Amino acid sequence: MMTPREALKKYFGYSDFRPLQEDIVATTLAGIDSLVLMPTGGGKSICFQLPALLLPGVTLVVSPLISLMQDQVENLREAGIPACALNSNQTADEQLRLRRACLDGRVKLLYMAPETVFKELDQLLAALPISLVAIDEAHCVSQWGHDFRPEYVQLGTLRKAFGSAPFMALTATADEVTRQDIRERLNLHSPRVFISSFDRPNLSLNVFRGLNGAEKLKAINRFLGMRAGESGIVYCLSRKTTEQLAEKLEALGVSARPYHAGLSADKRRETQQAFIADQLRVVVATIAFGMGIDKSNVRWVIHYNLPKSIESYYQEIGRAGRDGDPADTLLFYNYADIVQLEKFARESHLREINLERLDRMREYAESNVCRRRILLNYFGEVSAADCGNCDVCKSPPERFDGTREAQMALSAIVRSGERISMPVVVDILRAVYSPAVKEGGYDRLKTFGVGRALSAATWRDYLLQCLQMGLFTINYVDQLHLQVTELGRDVLYGRSAIMLAVYRPPERVEKPAKKKGRKSRASQSADVETDLQQMEVDKNLFERLHALRLELANKQGYPPYIIMSDRTLRLLATIRPKTLDELSNISGIGEYKRDKYGPAFLKVINA
């Protein structure tokens, strides 16, 4: 029998485990339940796929999305591992063929959605020797989680059906209350809990406050202009915004499509497949997009609006840079987001919890300390040093005595009788004769035009800072009017002073760092990463290998990254192996891929 390390090399092409993977595999092989928290791109799948190869019988994998299951099945088959997914989209003949394969012992991993599991519980599953039950996206079982799914709740009853098999629950994000809920609802027996580092050092973190729609579009267009050919996702709060933004990007010459739950299943599937196949550069989506995506070469994620929680934000940015190479994340945040998200939270059935989570998200967006430290702290992980890869670390905020600017804004609020919203404050300060200003007669206030020297974006940013400092509040039940607090009155009447961070416009988004071969914190390419640091990628060769991969993928109907990842192609274009034996030393190429694709790739390299 192979050892776990031998199986890792043979099937997946990796010489070393990532942190915790080896312990999780050993725990499972010993028949012990486990709860695995590992960030997106951290290697969760191998934690159950590897024991599945070493255990007798079949591993049942419960997953929430058909697209997610199909993606993993294709990846496994391309590694020479017998796997299949049984789902409602298949024809009766397809399902019959897959059932026969399972009953004949020709399947090691069987993927199902919860609904299919219960449908097959007394039929197919009762006839199979189930040796491991893996429940992916386990946070879906918890009502406290950010993606609760009622059908997941019943999964706790599976313990009776497969009592002797170890259970493994896996998720990328779960706070302590959600973890406890997962343990109880899935009936895990004294599980070992594995919490991997939530740090994704390859992701740059950038936040920009106070921009309106036109300014955001300009910033996004500039950002994409510096990243020619790279693909990414823009997340928006509403379906309408996804459609409008995709249309505007298309008008600017960017290949973009909207994605949201209101589109037909065929339209969503078409967009997703085009993105996965590198035929579509940008997907503008609501949070309905992404869970089923295993695309390793997403190079950036933009949040057009403030997310509702840090859990959601972390999971969504985690879809970038899954190959371990540098990737960028941008978060835009303005006053309108606060209004809309507060409304959602107050109307939800978990009002207090959702308001608290929103507050933590706002604190992250408005903070002037290292953003990665805030994220890690939220998930219970302490970092002793700043990351050097977020906007705060790269451009520490320059502060100034903002008392005079705050007094201008507070004076406008008080002189209006505290009957105006934040956009109207900006109009008053900048002497804009907007309908609201003219209707309220605010152009006759002493403060009208006193701040015309500053741009609207600058004022929006300073007002958000004042709001965060508690100088005024928003009255959500009275037309979003602003009300000055006692602290605000102290500043207005000169009894207190405040410091503001100098506004930083989006023009200062940096160009992406050159992707040099670098040794990552927990790389599985340990056998070649050192060499990469001293060598340059042959760009011409990389493009030829890229074209070959696309050709092979199109012939088989697979996404290109399932054939080989971008990272593996870069290694090939750098190391330039000449033989099949040398190809075996390239991280990410197991025996099956070496034998199936090796001759074609070697032909291009040797030419």
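The name given to the protein in an unreviewed UniProt entry is DNA helicase RecQ, with the source organism recorded as Alloprevotella tannerae ATCC 51259. Here the protein is described in UniProt, under the heading Catalytic activity (unreviewed entry), as follows: "Couples ATP hydrolysis with the unwinding of duplex DNA by translocating in the 3'-5' direction."

Visitor: Tell me what's going on with the overall build of the protein, and back it up with residues and numbers.
Guide: In terms of helices and strands, the protein carries 27 helices and 17 strands. Against the globule reference of 25 Å for 607 residues, the protein gives a C-alpha radius of gyration of 27 Å, in line with a compact fold. Viewed in the frame of its principal axes, the protein has a C-alpha envelope of about 85 × 60 × 45 Å. Residues classed as buried in the protein amount to 57% of the 607 residues present. If you take every contact in the protein between residues at least 6 apart in sequence, the share linking residues at least 24 apart comes to 73%. When the accessible surface of the protein is split by element, carbon and sulfur atoms take 50% of a total near 25,300 Å².

Visitor: Got a sec to walk through the environment of L54? Specific residues and values, please.
Guide: By the element assignment, L54 lies in helix α3 (residues 44-54). Take L54: its relative accessible area is 10%, and that puts it in the buried class. C-alpha separation for the pair L54 and T3, spaced 51 residues apart in sequence, amounts to 8.1 Å.

Visitor: Now, about the packing of aromatic side chains: what can you tell me, with residues and values included?
Guide: For any pair of aromatic rings, geometry is given as the distance between the ring centres together with the angle between the planes. Taken as a whole, this structure holds seven aromatic pairs when the rule is applied. Judged by centre distance (6.3 Å) and plane angle (35°), the rings of F208 and F332 are tilted. Of this pair, F208 sits in strand β8 (residues 203-209) while F332 sits in strand β13 (residues 327-333), and the two are 124 residues apart along the sequence. By relative accessible area, which is 2% here, F208 ends up buried. Members of the aromatic cluster, connected to one another through ring pairs, are F400, W459 and Y462.

Visitor: Can you lay out the pairing of strand β6 (residues 167-171) for me, pointing to particular residues and giving the numbers?
Guide: For β6, the tally of buried residues reaches five of five residues, placing the bulk of the element in the interior. Both faces of β6 are covered, namely the face carrying F167, A169 and T171 and the face carrying M168 and L170. Summarising the sheet, strand β5 (residues 130-135) and β6 pair through three bridges and their orientation is parallel. In the sheet register, V133 faces β6, and the bridge partner there is F167.

Visitor: Explain the side chain of N305 residue by residue, including any values.
Guide: As for its placement among the helices and strands, N305 is situated in the loop between β12 (298-303) and α12 (310-317). At a separation of 2.9 Å, a polar atom in the side chain of N305 contacts the main-chain amide nitrogen of L237. Residues in contact with N305, not counting those within four places in the same chain, are K216, Y235, C236, L237, L331, F332 and D337.

Visitor: Before we move on, can you summarise helix α20 (residues 456-469) with the specific residues and values?
Guide: The α-helix advances 3.6 residues per turn, and as a result positions three or four apart in sequence lie on the same side. Taking 1.5 Å per residue, 14 residues should reach 20 Å; α20 reaches 20 Å between its end C-alpha atoms and fits that length. The buried fraction of α20 is high, at twelve of 14 residues. The complete set of buried residues in α20 reads A456, A457, T458, W459, R460, D461, Y462, L463, L464, Q465, C466 and L467. Remark: G470 follows α20 within two positions and exhibits a positive phi of approximately 85°.

Visitor: Any chance you could break down the pairing of β5 for me, citing the residues and the numbers?
Guide: For β5, the tally of buried residues reaches six of six residues, placing the bulk of the element in the interior. Pairing geometry for strand β2 (residues 58-62) and β5, over five bridges, is parallel. Bridge pairing links V62 to I135 in β5.

Visitor: Tell me about the sheet that holds β2, and please be specific about residues and values.
Guide: Strand order in the open sheet made by the seven strands is β3-β4-β2-β5-β6-β1-β7, with parallel pairing throughout. Each edge of the open sheet is held by one strand with a lone partner, namely β3 (83-85) and β7 (192-195). Adjacent strand axes in the sheet meet at a mean angle of 15° when their direction is disregarded. Of the strand pairs in this sheet, β2 and strand β4 (residues 109-112) are connected by four bridges, and their pairing is parallel. Of the residues in β4, the one forming a bridge with L60 is L110. Packed on one face of the sheet, helix α4 (residues 66-77) meets β3 and β4 and runs near 160° to β3. Against the sheet, helix α8 (residues 176-185) makes contact with β1 (34-37), β6 and β7, and its axis sits at roughly 150° relative to β1, the strand it touches most.

Visitor: Can you tell me about the domain arrangement of the protein, naming the residues and giving the values?
Guide: Its domain assignment divides the protein into domain 1 (4-195), domain 2 (203-395), domain 3 (399-502) and domain 4 (539-606). On a C-alpha basis, the centroid separation for the pair domain 3 and domain 4 is 59 Å.

Visitor: Got a sec to walk through the sheet that holds β13? Specific residues and values, please.
Guide: With respect to topology, six strands assemble into an open sheet ordered β8-β13-β12-β9-β11-β10, the strand pairing being parallel. Among the strands making up the open sheet, the edge pair consists of β8 and β10 (256-259). Looking at each pair of strands side by side, their axes are set apart by 15° on average, direction ignored. Here strand β9 (residues 231-235) pairs with strand β11 (residues 282-285) via four bridges, running parallel. Across the sheet, residue V234 finds its bridge partner in β11, namely V284. Where helix α11 (residues 265-276) meets the sheet, it contacts β9, β10, β11 and β12, and its direction lies at approximately 135° from that of β10.

Visitor: Explain the confidence of the model for the protein to me, and be specific about the residues and the numbers.
Guide: On average, residues of the protein score 88 in pLDDT, and 93% of them are at 70 or above. Across residues 515-534, confidence stays below pLDDT 50; counting only partners more than four residues off in sequence or on other chains, it has 41 contacts.

Visitor: Now, about the packing of helix α17 (residues 403-415) against helix α18 (residues 422-429): what can you tell me, with residues and values included?
Guide: For the pair α17 and α18, the least separation of the axes is 10 Å and the interaxial angle reads 110°. The angle between α17 and α18 falls in the class roughly perpendicular. Considering the relative orientation of α17 and α18, their crossing is right-handed. Note on element contacts: α18 touches α17 through V425, I428 and L429, opposite M408, A409, A412 and I413. Of the residues in the contact of α17 with α18, the class split is seven nonpolar, no polar and no charged.

The rules we used
Residues numbered from 1 in each chain as written. Predicted model: local features only at pLDDT ≥ 70, side-chain atom pairs only at ≥ 80, totals over all residues. Heavy atoms only, no water. UniProt positions renumbered as here; feature names shortened; annotations may be inferred. Helix = DSSP H or I, 4+ residues; strand = E, 2+ residues; numbered from the N terminus. Rg over C-alpha atoms; globule rule 2.2 N^0.38 Å. Buried < 20%, exposed > 50% of the residue type's maximum accessible area, 1.4 Å probe, protein only. Contact = heavy atoms within 4.5 Å. Areas by Shrake-Rupley, 256 points an atom, 1.4 Å probe, with all protein chains shown as cover. Phe/Tyr/Trp six-rings, centres within 6.5 Å; stacked < 30°, edge-to-face > 60°. Pairing = 2+ DSSP bridges. Polar contact = N/O pair within 3.5 Å; in protein donor to acceptor, adjacent residues only side chain to side chain. Expected span 1.5 Å × (residues − 1). Axes fitted to C-alpha atoms, helices over the stretch in contact; angles between N-to-C directions. Domains from an automatic or database assignment. pLDDT = per-residue confidence, 0-100. Parallel < 35°, antiparallel > 145°, perpendicular 65-115°, else oblique. Left-handed = near helix turned anticlockwise from the far one by under 90°. Nonpolar A, V, L, I, M, F, W, Y, C, P; charged D, E, K, R; others polar.

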